[in-house]
Amino acid sequence: MAVSPRISPAMNVLHQAVQKAGRRLLRDFGEVENLQVSSKGPGDFVSQADLRAEQTLKEELSKARPGWAFLGEEGGQAEGDWEWRWVVDPLDGTTNFLHGIPHWAISVGVEKRLDAEKTELVAGCIYNPAANELFWAEKGVGAFLNDRRLRVSGRRDMLQAVFATGIPFAKVQRKAEFSLTLQKLMPQVAGVRRFGSAALDLAWVAAGRYDGFWELGLNRWDIAAGLVMVREAGGIVSDPAGGEGFYESGHVVCGNPTLQPKLREVVAEGIAAAESARGRDA
């Protein structure tokens with residue numbers, strides 16, 4: 001696969017690792033009916049494919065960067081005093097994968113520790129093997145799809161905009177916030193999509209396919225790579241209040257510079273309405 005000549009050594013390592021894991025996932029995807037699956041909760045499954053992909057990534061990345069920490073969805077959190085960390089979701093969109101839907105991805109972010117309490121996301125890679133699309137970004141370098149530079153969409157009118165989100169399926173609080181946000185947003189936009197992979201949602205915002213994305217309560221491995229990508233493609237990322245706490249809280253609103261503030265305002269209104277309703281019911 002051709003890539004930009006501006007790629008750094010660390011990103012080259014990452015490309016090779018996700019493509020190796022991707023080849024194995026594609027083989028499993030071709031035999032999805034034979035996968036051994038165990039339930040982790042409503043609508044949330046872990047398969048042998050998840051575990052094998054994470055092990056492949058851990059082996060490849062650790063071999064190339066032995067001093068780096070590793071935070072994986074299936075493997076738990078690496079402890080200790082680390083300077084650099086891989087933040088890994090080996091299979092984002094597991095439910096799609098298990099149903100034979102070719103919309104799933106490997107997502108790996110690169111996190112750098114700045115001091116005892118602060119870290120920074122500096123690079124990310126999101127790979128959809130089924131479509132052979134490798135999204136990647138490095139801080140100060142830009143965001144790319146394979147070897148093509150990415151920019152967020154230039155749409156300015158909410159009535160022409162398509163936004164992506166995730167539908168909460170377990171937490172009652174998130175359901176109320178989602179429903180009220182959707183109720184306020186739908187009359188204002190061209191469409192809202194839920195395709196089942198937050199990592200690809202963020203990558204598609206960076207590519208200009210979506211005009212924005214919002215979701216609450218995401219995990220770090222869901223968003224680490226995509227947050228870098230959106231920003232490097234010229235987009236804005238914040239929490240619903242407009243702050244910088246999205247990586248810690250998992251409450252993310254992103255989009256192009258014109259529409260992100262408008263989307264954020266609607267999401268904030270939906271959250272406020274849900275809180276008000278809970279207060280009346282208390």
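Above this text you will find the structure in question.
Focus on the packing of aromatic side chains
Then, in step 1: Under the criterion given, the structure shown has 10 aromatic pairs.
Then, in step 2: Ring geometry for Phe 29 against Phe 97: centres 5.3 Å apart, planes inclined by 45°, an arrangement best described as tilted. Of this pair, Phe 29 sits in helix α1 (residues 9–30) while Phe 97 sits in helix α3 (residues 94–98), placing them 68 residues apart in sequence. We note that Phe 29, like Phe 97, is buried.
Then, in step 3: Judged by centre distance (4.6 Å) and plane angle (15°), the rings of Trp 136 and Phe 144 are stacked. Comparing Trp 136 with Phe 144 shows no difference in burial state: the two are buried.
Then, in step 4: What links up through ring pairs into an aromatic cluster is the set Phe 29, Phe 97 and Trp 104.
Then, in step 5: Seen from the ring of Trp 68, Arg 65 lies directly overhead, with NZ or CZ sitting 5.9 Å from the centre.

Quick notes on helix α2 (residues 48–64)
Then, in step 1: Compared with an ideal rise of 1.5 Å per residue, which puts 17 residues at 24 Å, α2 spans 25 Å between its outermost C-alpha atoms and is within 8% of the ideal.
Then, in step 2: By the burial criterion, the buried members of α2 are Ala 49, Asp 50, Ala 53, Glu 54, Thr 56, Leu 57, Glu 60 and Leu 61. Summarising the axial view, the buried residues of α2 lie within an arc of 160°, below the 170-degree limit, and thus occupy one face.
Then, in step 3: Backbone nitrogen of Ala 49 and a side-chain oxygen of the N-cap are separated by 3.1 Å at the start of α2; the cap is Ser 47.

Thoughts on the nonpolar core
Across soluble globular proteins, nonpolar side chains have a tendency to be buried as a group.
Then, in step 1: With 38 residues, the main nonpolar core has Ile 126, Phe 135, Phe 213, Leu 227, Met 229, Tyr 247 and Val 252 as its most contacted residues.
Then, in step 2: Elements with a contribution of two residues or more to this core: β6 (119–128), β7 (133–138), β8 (142–145), α5 (198–206), α6 (220–232), α7 (246–249) and β14 (252–255).
Then, in step 3: In this structure, Met 11, Leu 35, Phe 70 and Trp 136 belong to the second largest nonpolar core, which totals 33 residues.

Quick word on the state of the cysteines
Then, in step 1: Counted under the stated rule, the structure contains zero disulfides.
Then, in step 2: No disulfide involves Cys 125; its sulfur sits 18 Å from that of Cys 254, the nearest cysteine.

Digging into the layout of surface pockets
Then, in step 1: In this structure, the second largest pocket occupies an estimated 450 Å³ of space.
Then, in step 2: Around the second largest pocket, the lining is made up of 17 residues, and of these Thr 119, Glu 120, Leu 121, Arg 231 and Phe 246 lie nearest the centre.
Then, in step 3: For the lining of the second largest pocket, the leading source of residues is α6, giving five residues.
Then, in step 4: A breakdown of the residues in the lining of the second largest pocket according to their chemical character gives six nonpolar, one polar and 10 charged.

A look at the sheet that holds strand β9 (residues 148–149)
Then, in step 1: Read from one edge to the other, the open sheet built from seven strands follows the order β3-β4-β5-β6-β7-β8-β9, with strand pairing classed as mixed. Of all the strands in the sheet, just β3 (69–72) and β9 have a single pairing partner and so form its edges.
Then, in step 2: As paired elements, β6 and β7 share six bridges and run antiparallel to each other. Within the sheet, the bridge partner assigned to Asn 128 lies in β7 and is Glu 133.
Then, in step 3: Packed on one face of the sheet, α2 meets β3, β4 (84–92) and β5 (105–113) and runs near 155° to β4.

Details of the packing of α1 against α2
Then, in step 1: The contact between α1 and α2 brings their axes to 9 Å, and the two run at 160°. The orientation of α1 with respect to α2, classified from their angle, is roughly antiparallel. Note that α1 runs across α2; the crossing there is right-handed. From α1, Val 13, Leu 14, Ala 17, Val 18, Lys 20, Ala 21, Arg 24, Leu 25 and Asp 28 reach across to α2, where they touch Ala 49, Arg 52, Ala 53, Thr 56, Leu 57, Glu 60, Leu 61 and Ala 64.
Then, in step 2: Among the residues forming the contact of α1 with α2, the class breakdown is 11 nonpolar, one polar and five charged.

Digging into the environment of Trp 136
Then, in step 1: Relative to the helices and strands, Trp 136 is located in strand β7.
Then, in step 2: When the C-alpha positions of Trp 136 and Glu 275 are compared, they lie 37 Å apart, and in sequence the two are 139 residues distant.
Then, in step 3: A distance of 2.9 Å separates a polar atom in the side chain of Trp 136 from the backbone oxygen of Asn 146.

Let's talk about the side chain of Thr 165
Then, in step 1: Looking at the element boundaries, Thr 165 is found in strand β10 (residues 162–165).
Then, in step 2: Excluding residues within four positions of it along the chain, Thr 165 makes contact with Phe 178, Val 192, Arg 193, Arg 194, Asp 201, Phe 213, Trp 214 and Glu 215.

Conventions and cut-offs
All chains use their own residue numbering, which begins from 1 and follows the written sequence. The model is predicted, so local features are restricted to residues of pLDDT at least 70 and side-chain atom pairs to those at 80 or more, both for listing and for counting; the totals for chains, interfaces and linings are taken over all residues. Hydrogens and water molecules were not included; the side-chain quantities draw on all heavy atoms of the structure. Classification of ring pairs uses Phe, Tyr and Trp, with its six-membered ring standing for Trp, and accepts pairs whose centres are within 6.5 Å; under 30 degrees between planes counts as stacked, over 60 as edge-to-face, and the remaining range as tilted. Numbering of helices and strands runs from the N terminus; a helix is a DSSP stretch of H or I covering at least four residues, while a strand is a stretch of E covering at least two. Each residue is assigned to one of three classes by its accessible area relative to the maximum for its type, calculated with a 1.4 Å probe on protein chains only: buried under 20%, partly exposed between the two thresholds, exposed over 50%. Only lysine NZ and arginine CZ atoms are considered, and such an atom sits over a ring when it is within 6 Å of the ring centre and within 35 degrees of the ring normal. Here the expected span of a helix is defined as 1.5 Å times the quantity of residues minus one. This arc is built from the directions going out from the helix axis to the C-beta atoms. Polar contacts here mean pairs of N or O atoms no more than 3.5 Å apart (in protein, one a potential hydrogen donor and the other a potential acceptor; neighbouring residues in sequence count only if both atoms are side-chain atoms). In this description, a nonpolar core means a group of buried Ala, Val, Leu, Ile, Met, Phe, Trp, Tyr and Cys residues linked to one another through side-chain atoms lying within 4.5 Å. For the purposes of this analysis, a disulfide is any pair of cysteine sulfur atoms at a distance within 2.5 Å. Here a cavity denotes grid points, spaced 1 Å and computed from the protein atoms alone, that fit a 1.4 Å probe unable to get out, and a pocket denotes an open set having protein on both sides within 12 Å along at least 5 of 7 lines; residues with an atom within 4 Å of a point are the lining. Grid points are joined across faces, edges and corners, and a volume is the space filled by probe spheres set on the points. The nonpolar class holds Ala, Val, Leu, Ile, Met, Phe, Trp, Tyr, Cys and Pro. Asp, Glu, Lys and Arg form the charged class, and all remaining residues, Gly among them, are polar. A pair of strands is considered paired only if DSSP assigns at least 2 bridges between the two. Pairs of residues are marked as contacts when any of their non-hydrogen atoms sit within 4.5 Å. Axes here refer to lines fitted to C-alpha atoms; in helices the fit is confined to the stretch in contact. Angles between the N-to-C directions go from 0 to 180 degrees. Small angles under 35 degrees read as roughly parallel and large ones over 145 as roughly antiparallel, with 65 to 115 read as roughly perpendicular and the rest as oblique. Put simply, a crossing is left-handed when the front helix is turned counterclockwise from the back one by less than a right angle, and right-handed when it is turned clockwise.

Nothing here speaks to function; it is all geometry.
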